[in-house]
Amino acid sequence: MSQPFRPLVIRFGRLGDTLLLQPLLRRLHARYGQPCQLLAVGTYAIELYRDQPDVAEVIALQSHHRPMPLSPEQWRAVFALRRMRHVPVYVCEPQPRSLARIRLMLKLAGIPDSHCVFLNDIALPPGGHWIEHLLQLANATPPAFHDPFAQVACMTGCVPELLVSTQERAECERWLVDRGLAGHPLVLLQPANKRTMRWNGVRAASDDDKSWPIAHWARVVGAIHAKLPQARILLCGSAAEVEYLESIRKTMAQPHVEVVAKDLPLSRLKALLAVAHSMISVDTGPAHMAAAMGCPLVVLFGSVSPCHWTPRGRAPDVVRVLGGQPFNRVDAIAPDEVIDAWRELPARLSAAPSIDAASALADTRL
């Protein structure tokens, strides 16, 4: 039997990009017999993959754009990579600037090209989904590891899966009780995306293809109340988006709408998505997390192609996609389209499994 290695996976992306690595991480775990090591950007990578069975370690940079001589954390990462000079390396980064920095870090760490495979060397088929692209990379083998591993093939799933720990579930339940939300159907709205906020405030709607008018969100909230009078509607996002979300809530002037972005670390968001009734979101990272947690989802696309980036759910029809090319802007989507798509969502399946079920889940998915 081949010697087990902990493969190294590198991606300097945002939340959604990092989450979409999960099927690749699972397949590499199966191929090499050990969970992966992940080099990423942002503390969300640590939160996202904490206690997940396919990841043994996360090295997270706060920033990768600072010049190397001025970045002690990048040098610390290089020293950490030196421990990984004898493992297969999977570079999932498509952006040229980030890829150049990754190549420099690998060189400084003494990791030869023969230990690496790069996503940019594999063509994305026309109309192909990004996860399929990543799984093609996972099926490739660095030249130095060709003999022991090139013939090791594993058929693993192409849907991201995240496990919720017993502690995360219990903590979320306490939070719901404290906020008076327990026992109510919870519908999550995600109006903001990575482009919404600038250093000096909210980006102009004309400069953000994923900006949907507040009046449209208010129409949707009214329809949710009409169908689910007991529902509580939660405006989600990052802590930096709280003021923007509060302005939406006040402009709506609708009952039972709360901004929870300030109280929503990723661990709680994950557990919340495991029990929520549904989510309506623009195309952004939390939408991918909702699909991974089995939460019925309506997602609104702007100029990005849905065929490449549609969030993938565990059950058929759990994700409804609106917009995308050729419309190119979310504000081209009418409120009634969103309302109809939300009403047609299937009832969610049972809640996501806890981390205690990790071993049984791993047995069934390989």
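What comes next is a walk through the structure. Within any chain, residue numbers begin from 1 and follow the written order of that chain's sequence. With pLDDT at 70 or above as the cut-off, local features in this predicted model cover only qualifying residues; side-chain atom pairs require 80 or more to be listed or tallied, and sums for whole chains, interfaces and linings still use all residues. Based on all heavy atoms of the structure, the side-chain values leave hydrogens and waters out of the count.

Here we look at the overall build of the protein chain
The test is simple: By the criteria applied, helices consist of DSSP H or I runs no shorter than four residues and strands consist of E runs no shorter than two, each listed in order from the N terminus. In this setup the radius of gyration rests on C-alpha atoms only. A globule is expected at 2.2 Å times the number of residues raised to 0.38. Here the term buried applies to any residue with accessible area under 20% of the maximum for its type, exposed to any over 50%, and partly exposed to those in between, with areas from a 1.4 Å probe on protein chains only. Contacts are residue-level and defined by heavy atoms, with any inter-residue pair within 4.5 Å sufficient. Note that accessible areas follow from Shrake-Rupley with a 1.4 Å probe, and for residues the cover is restricted to the protein chains shown. Counting rule for charge: Lys and Arg are taken as positive, Asp and Glu as negative, and neither His nor the chain ends is counted. By convention, the point assigned to a charge is CZ for Arg, NZ for Lys, CD for Glu and CG for Asp.
Helix and strand counts for the protein chain stand at 15 helices and 13 strands. At 21 Å, the protein chain has a C-alpha radius of gyration in line with the 21 Å of a compact globule built from 366 residues. Across its three principal directions, the C-alpha atoms of the protein chain cover 60 × 45 × 40 Å. Across the 366 residues in the protein chain, those meeting the buried criterion constitute 54%. Residue pairs at least 24 apart in sequence account for 70% of intrachain contacts in the protein chain once pairs closer than 6 positions are excluded. Summed over all atoms, the accessible surface of the protein chain reaches about 15800 Å², with 54% contributed by carbon and sulfur. One finds the centroid of the 39 positive side-chain charges in the protein chain at a distance of 4 Å from the centroid of its 33 negative side-chain charges.

Describing the sheet that holds strand β1 (residues 8-10)
Here is the rule: Only when DSSP finds a minimum of two bridges between them are two strands counted as paired. Every axis corresponds to a line fitted to the C-alpha atoms, with the helix fit spanning only the stretch in contact, and the corresponding angles, defined between N-to-C directions, vary from 0 to 180 degrees.
Here 5 strands make up an open sheet; going across it, the order is β3-β2-β1-β4-β5 and the pairing parallel. Lying at the two open borders of the sheet, with one neighbouring strand each, are β3 (55-61) and β5 (116-118). Neighbour to neighbour, the strand axes of the sheet diverge by 20 degrees on average, direction disregarded. Sheet contacts for helix α4 (residues 72-82): β1, β2 (36-41) and β3; angle to β3, the most-contacted strand, approximately 150 degrees.

Some words on the packing of α4 against helix α5 (residues 96-108)
Note the following rule: Here the angle decides the label: under 35 degrees means roughly parallel, over 145 means roughly antiparallel, 65 to 115 means roughly perpendicular, and every other value means oblique. Handedness of a crossing follows from how the near helix is turned relative to the far one, being left-handed for an anticlockwise turn of less than a right angle and right-handed for a clockwise one. Only Asp, Glu, Lys and Arg are considered charged in this grouping, and only Ala, Val, Leu, Ile, Met, Phe, Trp, Tyr, Cys and Pro are considered nonpolar; every other residue, Gly among them, is considered polar.
Contact geometry of α4 with α5 gives a least axis separation of 8 Å together with a crossing angle of 55 degrees. Considering the angle they form, α4 stands oblique to α5. The two elements α4 and α5 cross, and the hand of that crossing is right-handed. Residues Gln74, Trp75, Ala77, Val78, Leu81 and Arg82 of α4 lie in contact with α5, whose contacting residues are Arg101, Met105 and Leu108. When its residues are assigned to classes, the contact of α4 with α5 shows 6 nonpolar, 1 polar and 2 charged.

Here's the deal with the pattern of salt bridges
Here is the rule we go by: Between Lys or Arg on one side and Asp or Glu on the other, a salt bridge is scored when a side-chain nitrogen of the former is within 4 Å of a carboxyl oxygen of the latter.
One pass over the full model with this rule turns up 15 salt bridges. Ionic contacts of the salt-bridge type, sharing partners, join the residues Arg11, Asp17 and Glu93 into one network.

Quick look at the sheet that holds strand β11 (residues 278-282)
Sheet strands line up and pair through hydrogen bonds in the backbone, either parallel or antiparallel. Strand order in the open sheet made by the 6 strands is β10-β9-β6-β11-β12-β13, with parallel pairing throughout. Each edge of the open sheet carries a strand with a single partner, namely β10 (257-259) and β13 (319-323). Ignoring strand direction, the axes of neighbouring strands in this sheet form an average angle of 20 degrees. Of the pairings in the sheet, the one linking strand β9 (residues 232-235) to β10 comprises 3 bridges and is parallel in character. Looking at the pairing, Leu234 lines up with Glu258 of β10. Sheet contacts for helix α10 (residues 242-252): β6 (186-190), β9 and β10; angle to β10, the most-contacted strand, approximately 165 degrees. Along the sheet, helix α11 (residues 266-273) contacts β6, β9 and β11; its crossing angle with β6, the most-contacted strand, is approximately 130 degrees.

Some thoughts on the packing of helix α9 (residues 214-227) against helix α14 (residues 335-343)
Direction vectors running N to C along α9 and α14 enclose 35 degrees, while the axes themselves pass 9 Å from each other. Crossing of α9 over α14 shows right-handed handedness. Between α9, through His216, Arg219, Val220, Ala223, Ile224 and Lys227, and α14, the contact on the second element is made entirely by Pro335, Asp336, Val338, Ile339, Trp342 and Arg343. Class assignment of the residues belonging to the contact of α9 with α14 gives a composition of 7 nonpolar, 1 polar and 4 charged.

Let's talk about the nonpolar core
Our working definition: Working definition of a nonpolar core: buried Ala, Val, Leu, Ile, Met, Phe, Trp, Tyr and Cys residues. They are joined through side-chain atoms within 4.5 Å.
Core analysis: the biggest nonpolar cluster contains 87 residues, and Val9, Leu39, Leu188 and Met289 have the highest contact counts within it. Examining the composition of this core, we find that 6 residues originate from one element, helix α6 (residues 130-139), more than from any other. Every residue in contact with Met289, bar those within four places of it in the chain, is listed here: Leu15, Leu19, Leu48, Leu162, Leu266, Leu269, Lys270 and Leu273. Membership of the second largest hydrophobic core comes to 34 residues, among which are Val221, Ala223, Ile224 and Leu235.

Quick look at the environment of Tyr244
Positionally, Tyr244 belongs in helix α10. Taking the relative accessible area as the measure of exposure, Tyr244 reaches 13% and is therefore buried. Here the alpha-carbon distance between Tyr244 and Pro191, two residues 53 residues apart in the chain, equals 9.6 Å.

Describing the environment of Ile46
As for its position among the elements, Ile46 is in helix α3 (residues 43-49). Residue classification places Ile46 among the partly exposed positions, given a relative accessible area of 33%. C-alpha separation for the pair Ile46 and Ala170, spaced 124 residues apart in sequence, amounts to 20 Å. Contact partners of Ile46, with chain neighbours within four places excluded, come to Val58 and Ala60.

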